[in-house]
Amino acid sequence: MAGEPTGGDLPPMRPVACRVRQNRPVLGPIVREARPKQWIKNVLVFAAPGAAGVLDDPHHVWRSLLGFVCLCLAASGTYYWNDILDVDKDRKHPTKRFRPIASGALPIGLAQVLGTVFLFGGIALAWVLNWKTGLTVTSYVALTSLYSTFLKHVAVLDLAAVALGFVLRAITGGVANDIVLSRWFLMTTTFGSLFIVTGKRYAEMVELGEGAVHTRRILEEYSLGYLRTILAASIGATIVTYCSWAFEVRELSGDNWPFYELSIGPMLTALMRYSLILERGQGGAPEEVFLSDRVLQALGLMWLVCVGLGVYV
């Protein structure tokens, strides 16, 4: 019949291939973009209730878990929006170009919807828990949003913003359980967070060299010498404030066993171990370091045992 394609007019396979790519599953990219490995940072929610010795109470365990979920949802939402805003830069990065949004595996439109749902879902659940948790998680989202749009382009403020995000995680665990946080606990969390964040920047510069500024423009404002100075100051402050916390808690508990003081050993050794990893340029992804380094994991277990004995024995 006239107008019908003949054998030679049959369309090539290319349109079929396009349809296959368009219909590929997106569940995997959705999960990867949420970055479950990054949720390890939210374990800080359990720090305050753990130190207060209330995690043997199911009520406090449940509230701590809810706080953890709130932060995981909120954090995943910020990861989505951060990658949406940085999609062009990520495509030039040697490893970030494989992220779902940068690689095109996750459509930007869908990512915008999911990122918004995660953000507001985490905030809403936090307000259901109590108003203090709601305020803290809302502050966390506001901080991370401000970081993604402005603060990450301002030297020093970018370090302070990310470090404050860790502190807000720890505070979330305290307010979710109505626990009064020790000043030494907060200071240890602050300086320890600054050490981790600065170490991440330092490792990126060591690993990528001159090419680091093409993937994270703010690194142009820093030098290795300056970051070493911040690392030295922050690790020193972390050790001093942690020791102060350990001795203070021991006195308040009236315990004759030096479990809190013994926890200083694995804490100090872990900081030294991580400093060595940073010097090798391998601390660009702290969560991957903690999940892969067996020595750090062993030191973390020793620390948990010491503190756990101090709290519950």
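### A short note on the overall build of the chain
- Helices and strands together make up the secondary structure of the chain, namely 16 helices and zero strands.
- Summarising its shape, the C-alpha atoms of the chain cover approximately 100 × 45 × 35 Å along the three principal directions.
- Partitioning the contacts of the chain with sequence separation of at least 6, the portion at a separation of at least 24 is 70%.
- Total accessible area on the chain stands at roughly 16200 Å², and carbon and sulfur atoms take up 68% of it.

### Side note on the environment of L164
- Structurally, L164 is set in helix α9 (residues 157–176).
- Expressed as a C-alpha distance, the spacing of L164 and T189, which sit 25 residues apart in the sequence, is 9.2 Å.

### A word on the nonpolar core
- In this structure, F195, Y222, Y274, L278 and L296 are the most contacted members of the largest nonpolar core, which totals 23 residues.
- Looking at this core, the elements that each hand over two or more residues are α9, α10 (183–208), α12 (224–253), α14 (264–279) and α16 (294–312).
- Counting residues per element, this core draws most heavily on α10, which supplies six residues.
- Setting aside residues no more than four positions away along its own chain, Y274 makes contact with F195, I196, G283, P286, V289, F290 and L296.

### Quick word on the pattern of salt bridges
- For the structure on display, the rule yields 10 salt bridges.
- One salt bridge connects D83 with R35, and the closest N-O pair in it is separated by 2.4 Å. Placement of D83 in helix α4 (residues 58–85) and of R35 in the loop between α2 (27–34) and α3 (47–52) is noted, with a sequence separation of 48 residues between them. The residues D83 and R35 share a single accessibility class, namely buried.
- R91 is the partner of D88 in a salt bridge, and the nearest nitrogen-oxygen pair spans 4.0 Å.
- By relative accessible area, which is 52% here, D88 ends up exposed.
- Each member of the salt-bridge network shares a partner with another, and the members are R35, D83, D90 and R99.

### Topic: the environment of K200
- With respect to the secondary-structure elements, K200 resides in helix α10.
- Along the chain, K200 and G281 lie 81 residues apart, while their C-alpha atoms are 8.9 Å from each other.
- Sequence-distant contacts of K200, that is, excluding residues within four places in its chain, are made with R216, L278, G283, G284, A285 and P286.

### Focus on a nonpolar patch on the surface
- On the surface, L301, V305, L309, Y312 and V313 cluster together to form a nonpolar patch covering roughly 460 Å² of accessible area.
- Within the secondary structure, V305 is located in helix α16.

### Structural notes on the confidence of the model for the chain
- The share of residues in the chain with pLDDT of 70 or more is 90%, and the mean pLDDT across the chain is 86.
- Of all helices and strands in the chain, the one with the weakest mean pLDDT is helix α1 (residues 14–22) (40), whereas α9 scores best (95).
- Low pLDDT (under 50) marks residues 1–22, which in the prediction has zero contacts with non-local residues, meaning those over four places away or in another chain.

### What about the packing of aromatic side chains?
- For the coordinates displayed, the defined rule picks out eight aromatic pairs.
- Where Y222 meets Y226, the ring centres are 5.8 Å apart and the plane angle is 15 degrees; that geometry is what we call stacked.
- Residue Y222 is classed as buried on the basis of its relative accessible area of 8%.
- What makes Y226 partly exposed here is its relative accessible area of 35%.
- Between Y242 and W245 the ring centres are 5.4 Å apart and the planes differ by 40 degrees, which places this aromatic pair in the tilted class. Here W245 and Y242 lie together in helix α12, a separation of three residues that amounts to about one turn. For the pair shown, Y242 and W245 are each scored as buried.
- Among the aromatic side chains, those forming a connected cluster through ring pairs are F195, Y274 and F290.
- One cation-aromatic arrangement involves R169 over F166; the distance from NZ or CZ to the ring centre is 5.0 Å.

Parameters and conventions
- Residues numbered from 1 in each chain as written.
- Predicted model: local features only at pLDDT ≥ 70, side-chain atom pairs only at ≥ 80, totals over all residues.
- Heavy atoms only, no water.
- Helix = DSSP H or I, 4+ residues; strand = E, 2+ residues; numbered from the N terminus.
- Contact = heavy atoms within 4.5 Å.
- Areas by Shrake-Rupley, 256 points an atom, 1.4 Å probe, with all protein chains shown as cover.
- Core = buried A, V, L, I, M, F, W, Y, C linked by side-chain atoms within 4.5 Å.
- Buried < 20%, exposed > 50% of the residue type's maximum accessible area, 1.4 Å probe, protein only.
- Salt bridge = Lys/Arg side-chain N within 4 Å of Asp/Glu carboxyl O.
- Patch = residues over 30% accessible without salt bridge, like charges linked within 9 Å, V, L, I, M, F, W, Y side chains within 5 Å.
- pLDDT = per-residue confidence, 0-100.
- Phe/Tyr/Trp six-rings, centres within 6.5 Å; stacked < 30°, edge-to-face > 60°.
- Lys NZ or Arg CZ within 6 Å of the ring centre and 35° of its normal.

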